[in-house]
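Chain residues, written in single-letter form:
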Amino acid sequence: MSTVSPLLFLILIPLVAAVLVMLGGKSRTVSLFASASNLILLLVLATKFRPSEAGFQFVSSFPVVPQLGINFILGADGLSFVMLFLSTAVTLAAVAVARPPVENDRWFYISLLMISAGVIGAFASVDVFLFYMFHELALIPTFLLIGIWGSGDRQAAAWKATIYLATGSFVLLLGLIGLYLLQPLGDRSFDLRHIIQLAETGLIPDNPIVYLLLLFGFGTLVSLFPFHTWAPQAYASAPAPAAMLHAGVLKKFGLYGLIRICAPVFPESIQALLPLLLVLIVGNILYVGYVTIAQRKLDTMLGYSSVMHMGYIFLGFAALNVVSLTGASLMLLSHGLTVALLFALCGEIRERTGTLEFSELGGIARATPRLGLAFGFAAMASVGLPGFIGFASELMVFFGAFVGQPTEMRGQTAAAAEVFRFNSIQIVTICAVWGIVISAIYMLRAYRKIFMGPLPERWSRLPDLAGLPRVAVVLLIGVMLFYGFFPQLLVNLVTPALLQP
Amino acid sequence: MSTQTAPWIILFSPLAAAVLIFLIGRFSKTLSAGLAILSAATGCFLSWWLFRQTEVAPQLSLEWLNFGPELTITIGITLDHLSKVMLLVVTTISTLVFIYSTGYMRDEEGYTRFFAGLSLFLFSMLGIVLADNFVMMFIFWELVGVSSYILIGHYYSKDSAADAGKQAFIVNRIGDFGFMLGILLLWSATGTVAFSGLLSAIPGFEGAPVYLTVACVLVFMGTVGKSAQMPLHVWLPNSMEGPTPVSSLLHAATMVAAGVYMLARIFPILEVVPDAREIIAWVGGITCFCAALMATQQNDIKRILAYSTISQLGYMVLGIGVAPTSSEAMFHLFTHACFKCLLFLAAGSVMIAMHHETDMWHMGGLRKKTPVTMICFIAGMLALSGCPFTSGYFSKDLIIEWAVLKIPFLGWLAAAAAGLTAFYIFREFFVVFFGKARSEHAEHAHEQPVSMLVPMLILAVPALFAGLPMIQEHFFTLSHPDAHAVPHLLHPFLYAMFFGGAGLAALLYFKAEKDPVSIPLFANRLYIDDVYFWFVNKIQGGGSIVLSWADRWVVDLVIVQVPSKLTWACGFALRFLQIGSIQAYAFFFGAGVVGLLYIMLSK
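A.B. asks: How would you summarise the overall build of chain B if you had to cite specific residues and measurements?
C.D. replies: A tally of regular secondary structure across chain B gives 27 helices and two strands. A compact globule built from 603 residues would reach a C-alpha radius of gyration of about 25 Å, and chain B, at 28 Å, matches this within 12%. Its C-alpha atoms put chain B at 95 × 65 × 50 Å along the principal axes. Counting the 603 residues in chain B, one finds 62% classified as buried. For chain B, restricting intrachain contacts to residue pairs at least 6 apart in sequence, the fraction spanning at least 24 positions comes to 82%. On chain B, roughly 21,700 Å² of surface is accessible, and the fraction owed to carbon and sulfur atoms is 69%.

So this is what it looks like as C-alpha cells:
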C-alpha cells in the first residue's frame, strides 16, 4: 500500500533496543540511547507536521485481518502528537532515573522499553483494535515491574491492579466489539476515521449501552471513581520508573480513548447519562481529594492525588465543548509530566532515605537543596500554579465546563443568569474549583513534612540530586514551564483534532 | 521611551532580575542585591515618568489563550490613573525596602534566595497592578501568593516559619476559590473577562440582580483572602515569621493591599450592585474593629503591627463599600503603605538591635540606644493613629465620614477602632522605647547602618505629609461629604479617640514592667484561630481519615465482591500470573515481539 509511516520507527526503536538488551547489550546505555533518539525522532517529525491540516498525517496502512476490518494503521494528528511527545519524554525521564538492582537489571530495562513501545504504538494507532492491543502490550510489563521490582506489599498491589485493569480491559473490549457491531453490515471496520465518518453521517446509532461499556472500560483504566482503589496501592509499590510510565502515560490511554472515540460517536448518550458521570466525577475530585489529605506516606498520597486529578479530565470530557475538551487534552500532557516528575522525585527520596513516611522525614531540603527545589517546582505544578501548563489546562476545563455542553452554550448560561440557578455540570465545576484548595492542602503539607522544618541528624548527609536524574528533572520542569507560558501552541495543535463533528 | 513600552519594561525587569539571580546569584551576594535593586529602581523611575505623562498611547496586549470570541485571554496592560498611582506606590516602596534589605539581611543565610524571591514578588505584584483582564489578574494573584509563601518560609528550617508559609498559601487559596468562581460567573454572563468589556457590559446586564450580587461577593472572597479580612485573616499575623522586610513590603504595604486595588479596579461594576457593596462594607467595618481589639493585647512587636494592618485594610475595604468613588480607599491605601511600611522597617531595626528578639517585654529604654529608629517609629505611629494633620488623619477620617453617612453603625464602629488604634500603637511605643531595659540585649542595643536608616527617613516624609491637601491633590480626586451632613459630634469624637487612646496607653505603659492589663479574649485573638485549628484537625482531618479507611476497606470490598461480574477476571488473571517464572514471561515477550514484527513486515 502506502509508504511506511515514520511513526513505525518510533515503535520499533524501543523494541529493537529491547531485543538488543536481551541479546546482551549494555542495558542502561542501550535504553538511554534508544529513548533519547526516540524523543529526537519525534521532535523531527513534529517539525514536518502540518497543524493547519485536519485529519491524520504520516498515515500508513497494512491489512491484518481484512475480513474483520482490522488493519495496522498508523497515523498522527495534533492530539496524538501531544501524547507521543508525552510518551517519549516520560520514557526518557523514566530510563534516566531508573536504578534497578544490578543482578537482573536487563529485564527491568526490557520491561520499560516494552511499555514505551506499547504506549507509543497505542497513541500512533488509527485502528481501534490495534490501539487496544498496544495498550495490552504495555500493561503486562507494568504488572511485572510492580510484582517483581516493587516495594512494600508488591504482590498484593500487582494482583489488585491486574484484576482491576484486566476487568477494565475486558469491558473495554466488549465495548469496542459493540462499536464494531453497531456499524452497518458490510461496511464494518476498526478504522477510527471510518467510524467517525459513519457517526457523522448518522450511520452508527448513538447506543447508550455501548457507551457505558466504553466509559467503564476506559474509566477503570483511568481509575474512575469507584474503580480507583487499585491505583494508589499499585503506584505506592511500583518502582519509580514504572509509576512514572503508568501514571504519567499509560493511564492516559483511557481518557485519550474517551476523547477520541466516545466524544465524536456518542454525544447524545454522553448527554443522556451525564448525571451518572458527574456523580462519579465528584467522587474523583472531592471524595478522593479528602482521602488524599488523610495519607501519611508520600507514595500513596501521590497515587491518590493522581486519581483525583483524573476527575478534572473527566469533567473536561463530560462538558463536550471545544474549550473543555482542549483543556482535558492539555491536562493529559500536563498531568502526565507533573506526575512523572513527582514519582521520579519520590523515587529519589526513597532511594536516599528508605522511607516515605511523613512522620520520619523532615527538613531534608537543607541537606539536598536541589531535590527540595525540584520538588517545590513539581508541587507547585501539581497544584496548578500559573506559569505551569497545569494551570492553563485547569483553567480551560473550568471555563469549558462552566458553560456546559455546546448545544446550550450561551443560551443556558444566560438563562442561569436570569433566574440564578446552576445546572448540574456547573455545580460539579464548583466542586472541581474547590479541588484547587484540596490539592494545595495535601501538596504543601507533604512539602512541609518532607523538606521543611529542622533537619534530623540522620538525614544530614543525604546526597543531593545529581547526574542524569538531575538532567531529566530539569528537562521536565522546563517543558512544563514552556507550555505554561505558551499554551496556545498546544491549543493550535489539539483543537483541529477535536473539531470533528 | 514611549508610554507603550514603559509598562512592559516595568513589569518584566523584576522577572529578569529574579531569573538572573536564580541562575548566577550564588556567585556574589552584591550582584544579586544589585540586580534586584536595579530592576526595582528602573521600575520606580519609569513609574514616576509615566505618572507625569498626560497622554498615554493605546496599550498592547498579547494573546495567551484564544478560542475565538467566546473565550480569549490576553496578557495586556491597563494604564489609567488608578494603575499609575498604584505603580508609584509599589515600585517606590519596593525600591526602599530592597535597599533596606541589604542591611537587614547582611548576616542572614539564603541572601540570594531572598532577593530572587523579592524580585519574583515585585514582578507578580506589578502584574496585578497592570492587568487588563480578570484572568491575568488571577494569574499574578496566584503568583504573589507563591512568592509570599516562599518569603514567609525563608527560614524554612524553623517549624513555625514553615507552618506559617503553608497556612498563608492555603488560606489564600480559599479566597481564590471564590475569586475564580466569581470570574466564571461574570464571564458566563457577559462572555468576556477583560475589564473594559465587563465595565461596558455589566451596567446593561439584564439578568437577575442576585446573580451579579453573588458574582461580586465571590470575587470579593479573593480580597478577603489576600487582604486578610475576617474570617480569612488568620494567616497574616503568622506571616510575620518571614524576614521583616518581607512583612513590611508584602504583608503591610503592597501585597495585602492588592485585594483593595482589585476592588477599586472593578469599582464601576460594584457601583451597580449595591447589595454587594453593603456586604463589603460590613466585612471591612467588622474587621477593622475586631482586629484592633486583638492588637491591644499582643506582645510581639511585629504581630501588633500585623493586626494593625488587618484593621487598616478593613478601613480600606469599608471605604470601597461606602465611599462614592474608589479614590477614598485608594488614598488610605497610599498613606497606609507609607506609614505602615515605615513602622515595620523601624520594628525590623529594633529587632536587629535586639538580636531578633520580638517580645516587646524584653525590650525597653531603647530611645537612647536607637534614636533615629525611634524618630521614624514616631512618624509612622502618629500617622497610623490619626494624629491631626498627618497623612493617616486625612485618609482615615474621610472613610469614617462616608461610613457614618452611609451605614452609621459601621461609621461609629470605625471611629471607635481609631481610638483602639491610638491605644495599641502607643502601648507598643512606650513599652519598646521607654521604661528600663528589661533584658541583656536591650542594654546593649545599638543603632543600625545607613542602608537601613536612609530608607526609613525617606519614608517618614510621606508618612507625615502625604495627606496634606496640596500634596494629595496631585494624586487623587477625592470627594468629601457635605460638611453639614456629617454629624457634628464626629470630629470631636475622633479627636477624643486619638488623645484618649494615646493618653490611656501612656498612663498604663509609660513605666510598666509588665502588662498591667490582661484580657484573655483579645490576647487569644477572639479564639478564632483555635476554632480553625479545631476544625482543620478534628473535622477535616478526622473526616478524611474516616474516608480513607472506607476507601481501603469498604469501596474496595464492594467493588471486588461483585463476584458474578468478576469471576472470569480472576480466572483470567490467575492463569496469567501463576506461571510465575521469569522464563515464561520472557517467552511471552519474545512471542509478542516476534508476532508484532511478523505483522508489521508482512504486507
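Picking up after the structure, the text goes on.
A.B. asks: I'd like a description of the overall build of chain A, backed by residues and values.
C.D. replies: Helices and strands together make up the secondary structure of chain A, namely 21 helices and two strands. In terms of C-alpha radius of gyration, chain A reaches 22 Å, essentially the compact-globule figure of 23 Å for 501 residues. Principal-axis analysis of the C-alpha atoms gives chain A an extent of 70 × 65 × 40 Å. Going through the 501 residues of chain A one by one, you find that 69% of them count as buried. In chain A, the proportion of contacts linking residues at least 24 apart, taken out of those at least 6 apart, comes to 81%.

A.B. asks: Break down the interface of chain A and chain B for me, citing the residues and quoting the values.
C.D. replies: At the interface, 85 residues of chain A touch 74 residues of chain B. Taking both partners together, chain A and chain B bury about 7,700 Å²; carbon and sulfur atoms supply 78% of that area. Inspection of the chain A/chain B interface yields three salt bridges. For D159 of chain B, the salt bridge identified is with R448 of chain A, shortest N-O distance 2.8 Å. Summed over the shared surface of chain A and chain B, the number is 14 residue pairs in polar contact (both at pLDDT 80 or more). In terms of residue count, the dominant contributor to the side of chain A that touches chain B is helix α19 (residues 424-451) of chain A (13 residues).

A.B. asks: Describe helix α5 (residues 134-152) of chain B, with residues and values.
C.D. replies: Residues and elements named next belong to chain B. In this model, α5 (19 residues) spans 26 Å end to end at C-alpha, consistent with the 27 Å of a helix rising 1.5 Å per residue. Of all 19 residues in α5, 18 are buried; the element is thus mostly enclosed. You can read the cap of α5 off the contacts: a side-chain oxygen lies 3.0 Å from the backbone nitrogen of V135, and it is on N133.

A.B. asks: Residues and numbers for the pairing of strand β1 (residues 57-65) of chain A, please.
C.D. replies: Two elements, β1 of chain A and strand β2 (residues 70-76) of chain A, share six bridges in a ladder whose sense is antiparallel. Within β2 of chain A, the position partnered with V65 of chain A by the bridge is I70 of chain A.

A.B. asks: Can you tell me about the packing of aromatic side chains, naming the residues and giving the values?
C.D. replies: Residues and elements named next belong to chain A. Counted under the stated rule, the structure contains 68 aromatic pairs over all chains. With 6.5 Å between their ring centres and 55 degrees between their planes, F131 and F218 make a pair best called tilted. Pair noted here: F131 is in helix α5 (residues 128-149) and F218 is in helix α8 (residues 208-221), with a separation of 87 residues, a long-range link. In this structure, F131 and F218 share a single accessibility class: buried. Seen in terms of ring centroids, Y447 and F451 are 5.1 Å apart; in terms of plane orientation they differ by 35 degrees. Their pairing is tilted. Residue Y447 and its partner F451 are located together in helix α19, separated by four residues, close to a single helical turn. Since its relative accessible area comes to 13%, Y447 is described here as buried. Of the residues examined, F451 reaches a relative accessible area of 0% and is grouped as buried.

A.B. asks: So, helix α14 (residues 301-322) of chain B: which residues are in play, and what are the values?
C.D. replies: All names here are of chain B. The terminal C-alpha atoms of α14, which comprises 22 residues, lie 32 Å apart, in line with the 32 Å expected from a rise of 1.5 Å per residue. For α14, a buried count of 22 out of 22 residues is recorded, marking the element as mostly surrounded by other parts of the structure. Sitting at the head of α14, D300 places a side-chain oxygen 2.8 Å from the backbone nitrogen of K302.

A.B. asks: Describe the side chain of R445 of chain A, with residues and values.
C.D. replies: Mapped onto the fold, R445 of chain A is located in helix α19. Buried charge R445 of chain A goes without a salt bridge, the closest partner of opposite sign being D163 of chain B at 9.5 Å. The contact partners of R445 of chain A, leaving out residues within four places of it in the chain, are I293, Q295, R296, F358 and A440 of chain A together with K166 of chain B.

A.B. asks: Describe in detail the confidence of the model for chain B, supporting the description with residues and values.
C.D. replies: With 92% of its residues at a pLDDT of 70 or more, chain B has an overall mean of 86. Note on the complex model: pTM 0.89, ipTM 0.90.

A.B. asks: With reference to specific residues and values, describe the pattern of salt bridges.
C.D. replies: According to the stated counting rule, one finds 15 salt bridges over all chains in the structure shown. The closest approach of N and O atoms between R448 of chain A and D163 of chain B, which form a salt bridge, is 2.6 Å. Pair noted here: R448 of chain A is in helix α19 and D163 of chain B is in helix α6 (residues 159-190), and the two residues belong to different chains. Exposure remark for R448 of chain A: the relative accessible area of 10% places this residue in the buried category. E142 of chain B is the salt-bridge partner of R173 of chain B, the closest N and O atoms lying 2.5 Å from each other. A residue pair is termed long-range when its members are at least 10 positions apart, and R173 of chain B in helix α6 and E142 of chain B in helix α5 qualify at 31 residues. The exposure classification of R173 of chain B matches that of E142 of chain B, with both residues buried. The structure contains a network of salt bridges with shared partners spanning R99, E348, E351 and R352 of chain A.

A.B. asks: Just give me the short version of the nonpolar core, but keep the residues and values in it.
C.D. replies: L298, I349 and F399 of chain A together with F134 of chain B are the most contacted members of the largest nonpolar core, which has 447 residues in total. Residue contributions to this core peak at 19 residues, all from helix α15 (residues 327-353) of chain B. Filtering out sequence-adjacent residues up to four positions away, L298 of chain A remains in contact with C346, I349, L356, F358, F375, A446 and I450 of chain A.

A.B. asks: Before we move on, can you summarise the environment of M351 of chain B with the specific residues and values?
C.D. replies: Residues and elements named next belong to chain B. Checked against the element boundaries, M351 lands in helix α15. Along the backbone, M351 and L62 are 289 residues apart, and their C-alpha atoms lie at a distance of 45 Å. The contact partners of M351, leaving out residues within four places of it in the chain, are Y104, T244, I301, K302, H356, E357 and T358.

A.B. asks: Hey, could you go over unusual backbone geometry for me, with residue numbers and the actual values?
C.D. replies: Cis geometry marks the peptide bond from F225 of chain A to P226 of chain A, where omega comes out at -5 degrees. Residue position: P226 of chain A is located in the loop between α8 and α9 (230-237). In the segment running from M230 of chain B into P231 of chain B, the intervening peptide bond is cis, with an omega of 5 degrees. Tracing the sequence through the fold places P231 of chain B in the loop between α8 (209-226) and α9 (235-238).

A.B. asks: Got a sec to walk through the environment of A328 of chain A? Specific residues and values, please.
C.D. replies: All names here are of chain A. Relative to the assigned elements, A328 resides in helix α15 (residues 322-353). On the basis of relative accessibility, which here comes to 0%, the residue A328 falls in the buried class. Considering only alpha carbons, one finds A328 and R260, 68 residues apart in sequence, at a separation of 12 Å. Filtering out sequence-adjacent residues up to four positions away, A328 remains in contact with I259, I313, G316, F317 and V397.

A.B. asks: Any details on a nonpolar patch on the surface? Residues and values, ideally.
C.D. replies: A surface patch of nonpolar side chains, about 720 Å² in accessible area, is lined by L373 of chain A together with V19, L20, F22, L23, I24, F27 and L31 of chain B. Counting residues per element, the nonpolar patch draws most heavily on helix α1 (residues 6-24) of chain B, at five residues. Relative to the helices and strands, F27 of chain B is located in the loop between α1 and α2 (29-52). When its relative accessible area of 63% is taken as the criterion, F27 of chain B is described as exposed.

Criteria and thresholds
- Residues numbered from 1 in each chain as written.
- Chains lettered and ligands numbered in written order.
- Predicted model: local features only at pLDDT ≥ 70, side-chain atom pairs only at ≥ 80, totals over all residues.
- Heavy atoms only, no water.
- Helix = DSSP H or I, 4+ residues; strand = E, 2+ residues; numbered from the N terminus.
- Rg over C-alpha atoms; globule rule 2.2 N^0.38 Å.
- Buried < 20%, exposed > 50% of the residue type's maximum accessible area, 1.4 Å probe, protein only.
- Contact = heavy atoms within 4.5 Å.
- Areas by Shrake-Rupley, 256 points an atom, 1.4 Å probe, with all protein chains shown as cover.
- Buried area = accessible area lost by both parts, 1.4 Å probe.
- Salt bridge = Lys/Arg side-chain N within 4 Å of Asp/Glu carboxyl O.
- Polar contact = N/O pair within 3.5 Å; in protein donor to acceptor, adjacent residues only side chain to side chain.
- Expected span 1.5 Å × (residues − 1).
- Pairing = 2+ DSSP bridges.
- Phe/Tyr/Trp six-rings, centres within 6.5 Å; stacked < 30°, edge-to-face > 60°.
- Lys, Arg positive; Asp, Glu negative; His and termini not counted.
- pLDDT = per-residue confidence, 0-100.
- Core = buried A, V, L, I, M, F, W, Y, C linked by side-chain atoms within 4.5 Å.
- Patch = residues over 30% accessible without salt bridge, like charges linked within 9 Å, V, L, I, M, F, W, Y side chains within 5 Å.

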